[in-house]
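Summary of structural features
So the chains spell out like this:
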Amino acid sequence: MSGKETILVIGSCGQLGTELVESLQKIYGAAQVIAADIRRSNNPVFQNGPFEILDILDQKRLTEIVAKYKPTQVYHLAALLSATAEQKPEFGWKLNMDGLFNVLNLARDGGIIKKIYWPSSIAVFGPNTIRNNTPQYGAMDPTTIYGISKNAGELYAQYYFNRWGIDVRSLRYPGLIGYKSAPGGGTTDYAVQIYHDALEGKTHECFLSEQTTLPMLYMPDALKATLDIMHTPAADIKIRTSYNLAGMSFNPTEISEAIKQIIPDFSITYNPDYRQAIADSWPAIIDDSRAREDWGWNPAYTLESMSKDMIDNLRARKSQAN
């Protein structure tokens, strides 16, 4: 496999990209995985293979990188996330949409890229979505620039597949939780920060209310789902917009209780801000049965097992740093 595929990961230095690059290096070989982002990260994983500076809005630069490395697969992760995009809505739309078009058009016109992964999000849903057991197909009336751009991107991915046969694959990520990188500006990122605060003995001030239930996914499961869908035969990918994906659903009270089982003196306070309205427009529990049926999706982690793994790994990293 490693001799036949070359992988380009755009937006590689984010929370998902950092771990995805590491996983892809193990599968294909470090030399076959090209990491690209607007600035370099000091994470050691990027010392193992090629790294290119890339602003995804720079079509000329993207074309140069593709011509240089001839990637057969592209993971296009560059985006402005939900909370950040609300502060810069025009730029959020431009980055999220024009970046996607740059990749799609290069695949259409260049003949080198054979497969694209592009992540969507539960942000495509809105206030008229069924919040519990949200179906694959249903009301989509996103209230954020991030959600609007992801909704449009899903339809464009399907359009490029139907019209030009571009093999685009996508997952609607819930909130992603991992220990290897810092939160990236998403509405669900409290569920990453809370573990850091707990280990540092801080009271976590939550920007969502106590009972705000949201779907979440632990990073090892997110990586597994991403790699699984990309390694599935094309004929088994029945949905060309984006698949619903879920791991677990919980609210801030429930995650704080799980943490207290390990760190009994942990405390949390609540000070909801503008992100509360975003969270209230999103699903609470996701129906991901189509992903399970079509390509065998099955998450491994629960809230309790994730909490233990997060704290164990954060402690180990802190100990190594000292």
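Right, let's walk through the structure included here. (Residues numbered from 1 in each chain as written. Predicted model: local features only at pLDDT ≥ 70, side-chain atom pairs only at ≥ 80, totals over all residues. Heavy atoms only, no water.)

1. Brief notes about the packing of aromatic side chains
- Applying the stated criterion across every chain, the model contains 11 aromatic pairs.
- Three or more aromatic residues joined by ring pairs form one cluster here, namely Y75, Y117 and Y173.
- It is R240 that lies over the ring of F161; its NZ or CZ is 4.1 Å from the centre.
- Directly above the aromatic system of F207 lies the positively charged group of R275, at a separation of 3.6 Å from the ring centroid. (Phe/Tyr/Trp six-rings, centres within 6.5 Å; stacked < 30°, edge-to-face > 60°. Lys NZ or Arg CZ within 6 Å of the ring centre and 35° of its normal.)

2. Regarding a nonpolar patch on the surface
- Where nonpolar side chains cluster on the molecular surface, the patch consists of Y156, Y159 and W164 and spans about 290 Å² of accessible area.
- With respect to the secondary-structure elements, Y159 resides in helix α5 (residues 145–164). (Patch = residues over 30% accessible without salt bridge, like charges linked within 9 Å, V, L, I, M, F, W, Y side chains within 5 Å. Areas by Shrake-Rupley, 256 points an atom, 1.4 Å probe, with all protein chains shown as cover. Salt bridge = Lys/Arg side-chain N within 4 Å of Asp/Glu carboxyl O. Helix = DSSP H or I, 4+ residues; strand = E, 2+ residues; numbered from the N terminus.)

3. Observations regarding the sheet that holds strand β8 (residues 171–173)
- If you walk across this open sheet you meet the three strands as β6-β8-β12, and the pairing is parallel. Whereas interior strands pair on both sides, the edge strands pair on one side only; in this sheet they are β6 (120–121) and β12 (243–244).
- In this sheet, β12 lies alongside β8 in parallel orientation, the contact comprising two bridges. Across the sheet, residue R172 finds its bridge partner in β12, namely N244.
- Strand contacts of helix α7 (residues 219–231): β8 and β12, with the helix running at about 170° to β8, the strand carrying the most contacts. (Pairing = 2+ DSSP bridges. Contact = heavy atoms within 4.5 Å. Axes fitted to C-alpha atoms, helices over the stretch in contact; angles between N-to-C directions.)

4. Observations concerning the side chain of R240
- With respect to the secondary-structure elements, R240 resides in the loop between α7 and β12.
- R240 sits in the buried class, given a relative accessible area of 6%.
- A polar contact is formed between the side chain of R240 and the side chain of D167, at a distance of 2.6 Å. (Buried < 20%, exposed > 50% of the residue type's maximum accessible area, 1.4 Å probe, protein only. Polar contact = N/O pair within 3.5 Å; in protein donor to acceptor, adjacent residues only side chain to side chain.)

5. A short note on the pattern of salt bridges
- Counted by the stated rule, this structure contains 17 salt bridges.
- For D167, the salt bridge identified is with R240, shortest N-O distance 2.6 Å. You can see D167 sitting in the loop between α5 and β7 (168–169) and its partner R240 sitting in the loop between α7 and β12, a full 73 residues away along the chain.
- According to the relative accessible area criterion, D167 is buried, its value standing at 12%.
- Across the salt bridge formed by D288 and R292, the nearest N and O atoms sit 2.8 Å from each other.

6. Examining the pairing of strand β1 (residues 7–10)
- Of the two faces of β1, both are covered, the one formed by I7 and V9 as well as the one formed by L8 and I10.
- Across four bridges, the pairing between β1 and strand β2 (residues 33–37) is parallel. Counted as the bridge partner of I7 is V33 from β2.
- The parallel pair β1 and β2, bridged by helix α1 (residues 15–28), forms a crossover whose chirality is right-handed.
- Sheet topology places β1 next to strand β4 (residues 73–76); four bridges connect them, and they run parallel. In the strand pairing of β4, L8 is matched with V74. (Right-handed = clockwise from strand over helix to strand, strands pointing away.)

Structural measurements only, silent on function.
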